[in-house]
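Structure at a glance
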Amino acid sequence: MAQPAGLLYSKEHEWAKLDGEVATIGITEYAQHSLGDIVYVELPRIGSDVKQFANVGVVESVKAVSDLFTPLGGEVVEVNAGLEGDPAMVNRDPFGDGWLFKVRVSDVGERESLLSPERYDEIVAEG
Amino acid sequence: MTVATPERRTALYEEHVALGARLVPFAGFQMPLQYASILKEHDAVRQRAGLFDLSHMAQFELFGEEVGPWADLLTVNNVANMKVWQARYNLFCNEHGGTRDDVLFYRRHDRWLLVANASNGEKIWNLLSSRRTSGVTLENRHGAAALIAVQGPRALEILTPLASTFDAPSLAEMKYYTCTRAAVAGIEALVARTGYTGEDGFELFVEGADAAALWRALLDEGKPQGLEPCGLGARDVLRLEAGMPLYGHELTEAITPLAAGQRWAVKLSKPEFTGRAALLAQAERDDFDRVAGTILEGKVPARQGYAVYRGDERVGEVKSASIAPSLGNRQVATVYIRKDAATEGTQLGIDVRGTRQGAQVVPLPFYSRRKT
């Protein structure tokens, strides 16, 4: 499957979209499909500082509990409040309305450790 | 040394692959966890109908005049007094009263069918074989015979045009927990009005070689009425809502049928059976840990093994848990806890990754269908 362009990806199947110094973060289509019906998302607190690749929350489906890692470090400035009432939004629109949280990135250079759409696509294809 | 054995495929493996199922190893078989979505499949069964491959379940055939009295010595419920074409839930216990397996017996005119959990198939087969007496003949059909279930409020109307019954006047006139020989889409089957979903429905026992043709005929007939293929994920949510125990969760070698809320199936009036003395003593003391239902206050799911507290005191652990779509998407859990914490209305706390989530003890089942 082709991965949306303009995003950066982690091996843990998160994506990040940088807009200036703020990154919007979510999980990929591949991740939501692997998890199945998502019933609960635990997100980091607004105002907390998170380090790149740190475990910052949990995504739970009917059958599985999965740790959530942040692809970029910084201060959490917003979380997707709509997911509390409708966590299945992550299944329906993982790259859009199903985004998870936003980080004011402390070091934009961290993006060098992330994957291009093409490289991430290869990882997904390898299974 | 452990030798890894590859998972077996049921006779319906190719059908699952063609339908895009996510296959997972389960009790030695590659089984569909889900096709499209666990929650959509759950909804199909509650509102319309679902189609399940249960061919991984262990089927044993028991022949001979002595089967009834012999099986009565090995199980807690009555076997010998079952009528022909009757089905009955039963449990095998160990000497301590713990549960070896929970099973169904189906009595046919010339034999009995015993259906055991897939994960316990070998254990129960070894038990049956080692305790066999003259007048009892056993045949292991595990993996050779197939089982397809149609479950849900539309199961009857989907099956009726396809089925001719031989030992019951019609499917509609069959009582719950009875069975009959039938031809379904021209295929010879034993059809039972049993299931594990909390809905009305039927289970169709057929030869493995006939399974794919029957599966397709049922999908063709049922599709216009909203029949959906359903995997083990949906089945687990359905049975949990319906308060039915699952071996390895609410029932184990250490959990007795009494503790799992299956007292009704334990016939202590039978003079002798494996585990009777232990179960009698446990029933008299009535001080044992037991399975209770809980509804969680929040939206955070519990999982098997999570610790359960009353105040600061640990009183047990979670055995099964899930979102319960039939209860307005509340989170529910069965817990195995001390007797004094299992009273209805008791406020408990479930430790979810270091945070206590409130939960209240409620009666089981969580969900009962409206009887028509």
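Residues numbered from 1 in each chain as written. Chains lettered and ligands numbered in written order. Predicted model: local features only at pLDDT ≥ 70, side-chain atom pairs only at ≥ 80, totals over all residues. Heavy atoms only, no water.

**So, the overall build of chain B**
- Counting secondary structure elements, chain B contains eight helices and 21 strands.
- Taken over C-alpha atoms, the radius of gyration comes to 21 Å for chain B, in line with the 21 Å a tight globule of 372 residues would show.
- Referenced to the eigenvectors of the C-alpha coordinate spread, the extents of chain B come out at roughly 60 × 50 × 50 Å.
- A total of 372 residues make up chain B; the buried ones form 59% of that total.
- Within chain B, contacts between residues at least 6 apart in sequence are counted, and of these 64% link residues at least 24 apart. (Helix = DSSP H or I, 4+ residues; strand = E, 2+ residues; numbered from the N terminus. Rg over C-alpha atoms; globule rule 2.2 N^0.38 Å. Buried < 20%, exposed > 50% of the residue type's maximum accessible area, 1.4 Å probe, protein only. Contact = heavy atoms within 4.5 Å.)

**Side note on the packing of aromatic side chains**
Residue and element names in this part refer to chain B.
- Using the criterion set out here, one finds seven aromatic pairs over all chains in the structure.
- Ring geometry for Tyr89 versus Trp264: centroids 5.6 Å apart, planes at 20°, classification stacked. Of this pair, Tyr89 sits in strand E6 (residues 87–93) while Trp264 sits in the loop between helix H7 (232–241) and helix H8 (276–285), and the two are 175 residues apart along the sequence.
- On the basis of relative accessible area, Trp264 is assigned to the exposed category, the value being 52%.
- Where Tyr176 meets Tyr177, the ring centres are 4.9 Å apart and the plane angle is 80°; that geometry is what we call edge-to-face.
- Looking at Tyr176, the relative accessible area reads 36%, which means it is partly exposed.
- According to the relative accessible area criterion, Tyr177 is partly exposed, its value standing at 23%.
- We note Arg356 situated over the ring of Tyr309; from NZ or CZ to the ring centre the distance is 3.7 Å.
- Above the ring of Tyr176, the side-chain terminus of Arg369 is found at 5.5 Å from the ring centroid. (Phe/Tyr/Trp six-rings, centres within 6.5 Å; stacked < 30°, edge-to-face > 60°. Lys NZ or Arg CZ within 6 Å of the ring centre and 35° of its normal.)

**Quick word on the nonpolar core**
Residues and elements named next belong to chain B.
- Residues Tyr106, Val318, Ile337 and Ile350 are the most contacted members of the largest nonpolar core, which totals 62 residues.
- Two domains each donate at least three residues to this core, and these are domain 1 (8–56 + 143–241) and domain 2 (289–362).
- Counting 30 residues, the second-largest nonpolar core is a separate cluster that includes Leu12, Leu51, Ala155 and Leu214. (Core = buried A, V, L, I, M, F, W, Y, C linked by side-chain atoms within 4.5 Å. Domains from an automatic or database assignment.)

**Comments concerning unusual backbone geometry**
- The omega torsion across Leu364 of chain B and Pro365 of chain B is 0°, close enough to zero to call that bond cis.
- Structurally, Pro365 of chain B is set in the segment after strand E21 (355–362).
- With a phi angle near 70°, Phe53 of chain A is a residue other than glycine that sits in the positive phi range.
- In this fold, Phe53 of chain A is placed in the loop between strand E5 (49–50) and strand E6 (55–61).
- Residue Phe53 of chain A is classed as partly exposed on the basis of its relative accessible area of 41%.
- We note that Arg353 of chain B has phi near 50°; this positive angle belongs to a residue other than glycine.
- Topologically, Arg353 of chain B is positioned in the loop between strand E20 (347–352) and E21.
- The exposure class assigned to Arg353 of chain B is partly exposed, which follows from its relative accessible area of 37%.

**Structural notes on the sheet that holds E21 of chain B**
Residue and element names in this part refer to chain B.
- With respect to topology, six strands assemble into a closed barrel ordered E16-E19-E18-E17-E20-E21, the strand pairing being antiparallel. Averaged over all pairs of adjacent strands, the angle between their axes in this sheet comes to 45°, without regard to strand direction.
- Here two bridges tie strand E17 (residues 307–310) to E20, and the two strands are oriented antiparallel to one another. Residue Val308 lies in a different strand from E20, and its bridge partner there is Ile350.
- Across the sheet, H7 lies against strand E18 (313–324) and strand E19 (330–337), angled at about 120° from E18, the strand it touches most. (Pairing = 2+ DSSP bridges. Axes fitted to C-alpha atoms, helices over the stretch in contact; angles between N-to-C directions.)

**Some remarks on the pattern of salt bridges**
- Taken as a whole and assessed by the stated rule, the structure comprises 32 salt bridges over all chains.
- Where Glu122 of chain A meets Arg119 of chain A, a salt bridge forms, and the shortest distance between an N and an O atom there is 2.8 Å. Of the two residues, Glu122 of chain A and Arg119 of chain A are both situated in helix H4 (residues 117–126); the distance of three residues between them amounts to about one turn of the helix.
- Residue class for Glu122 of chain A comes out partly exposed when judged on its relative accessible area of 41%.
- Three or more residues joined by partner-sharing salt bridges are found here, namely Glu42 and Glu60 of chain A together with Arg303 and Arg353 of chain B. (Salt bridge = Lys/Arg side-chain N within 4 Å of Asp/Glu carboxyl O.)

**Remarks on the domain arrangement of chain B**
All names here are of chain B.
- By the assigned domains, chain B splits into domain 1 (8–56 + 143–241) and domain 2 (289–362).
- Between domain 1 and domain 2, the C-alpha centre-to-centre distance is 32 Å.
- Listed as interface residues are seven residues of domain 1 and, on the opposing side, nine residues of domain 2.
- Note on domain 1 versus domain 2: buried area summed over both sides is about 610 Å², and carbon and sulfur give 69% of it.
- In this structure, the connection of domain 1 to domain 2 is made through zero salt bridges. (Buried area = accessible area lost by both parts, 1.4 Å probe.)

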